[in-house]
Amino acid sequence: MKFLEEKGAAHLIQPLFISVDPLRDSVKGTRDYLKDFHPSIIGLTGTPEQVERVCKAYRVYFSKANVADGENKDDDYLLDHSIILYFMDPQGELAEYFGQSVETDRISQKILNRLKPEESLLSKIFGYKG
């Protein structure tokens, strides 16, 4: 977001975070967690069924594994999940996605290229205007 702010493009997007663990991630807990990242990020959670539907729609993997040794505490588990950043176009269609191995600078530049084509490398090299 900092890069997009510097380029005057941050106002063109609305970042969302969707929890895949609604049993532990309350609305307040999600809001508090996101304060460590950026103030413009909106956190979403829902019922387990709602979260499962959105995960299925976006092909997000998650798996719950109990970690308690001989105990049966419902909140003592690990949640393994895919880490993907989706960039959606104004119509809500997938425009781009980034896995966890993609560097922040590359993500920021690709998003900027879609938001402000005049800032793209093609534009700078060839005068391309999108």
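Predicted model, so just to flag it, every value in this text is computed and none were measured. (Residues numbered from 1 in each chain as written. Predicted model: local features only at pLDDT ≥ 70, side-chain atom pairs only at ≥ 80, totals over all residues. Heavy atoms only, no water.)

Focus on the overall build of the protein chain
- Scanning the protein chain from N- to C-terminus turns up five helices and six strands.
- The order of helices and strands in the protein chain, counted from the N terminus, is α-β-α-β-α-β-β-β-β-α-α.
- Within the protein chain, the proportion of its 130 residues that are buried is 21%.
- A sequence separation of at least 24 residues applies to 45% of the contacts in the protein chain between residues at least 6 apart. (Helix = DSSP H or I, 4+ residues; strand = E, 2+ residues; numbered from the N terminus. Buried < 20%, exposed > 50% of the residue type's maximum accessible area, 1.4 Å probe, protein only. Contact = heavy atoms within 4.5 Å.)

Let's talk about the packing of aromatic side chains
- Throughout the structure, instances matching the rule amount to three aromatic pairs.
- Their ring planes at 55 degrees and their centres at 5.4 Å tell us that Tyr 58 and Tyr 86 sit as a pair that is tilted. In this pair, Tyr 58 is assigned in the loop between helix H3 (48-57) and strand E3 (62-66) and Tyr 86 in strand E5 (residues 84-88), connecting sequence segments 28 residues apart.
- Overall, Tyr 58 belongs to the partly exposed group, its relative accessible area being 34%.
- Relative accessible area serves as the criterion here: at 26%, Tyr 86 is assigned to the partly exposed category. (Phe/Tyr/Trp six-rings, centres within 6.5 Å; stacked < 30°, edge-to-face > 60°.)

Details of the environment of Ile 42
- Among the secondary structure elements, Ile 42 is positioned in strand E2 (residues 42-44).
- Relative accessible area serves as the criterion here: at 38%, Ile 42 is assigned to the partly exposed category.
- Sequence-wise, Ile 42 and Pro 15 are 27 residues apart; in three dimensions their C-alpha atoms are separated by 6.4 Å.
- Ignoring anything within four residues of it in the chain, the contact list for Ile 42 reads Gln 14, Pro 15, Leu 16, Phe 17 and Leu 34.

Some remarks on the nonpolar core
- With ten residues, the main nonpolar core is built from Leu 4, Ala 9, Ala 10, Ile 13, Phe 87, Ala 95, Phe 98, Ile 107, Ile 111 and Leu 112.
- Among the secondary structure elements, those contributing two or more residues to this core are strand E6 (94-99) and helix H4 (104-115).
- The element best represented in this core is H4, accounting for three residues.
- When near neighbours in sequence (up to four residues on either side) are disregarded, Leu 4 contacts Ala 9, Ala 10, Ile 13, Ser 108, Ile 111 and Leu 112. (Core = buried A, V, L, I, M, F, W, Y, C linked by side-chain atoms within 4.5 Å.)

Concerning a nonpolar patch on the surface
- Nonpolar side chains collect at one region of the surface, where Leu 16, Ile 18, Ile 42 and Leu 44 lie side by side and expose about 320 Å² of accessible area between them.
- For the nonpolar patch, the secondary structure elements donating two or more residues are strand E1 (16-18) and E2. (Patch = residues over 30% accessible without salt bridge, like charges linked within 9 Å, V, L, I, M, F, W, Y side chains within 5 Å. Areas by Shrake-Rupley, 256 points an atom, 1.4 Å probe, with all protein chains shown as cover. Salt bridge = Lys/Arg side-chain N within 4 Å of Asp/Glu carboxyl O.)

Describing the side chain of Thr 30
- Checked against the element boundaries, Thr 30 lands in helix H2 (residues 27-34).
- Excluding residues within four positions of it along the chain, Thr 30 makes contact with Phe 17, Ser 19, Asp 25, Gly 43 and Leu 44.

Some points on the pattern of salt bridges
- Applying the stated rule across the entire model yields five salt bridges.
- Salt-bridge contacts for Lys 28 lead to Asp 32; the nearest nitrogen and oxygen are separated by 2.6 Å. Taken together, the positions of Lys 28 and Asp 32, both in helix H2 and four residues apart, correspond to about one turn of that helix.
- The exposure class assigned to Lys 28 is exposed, which follows from its relative accessible area of 52%.

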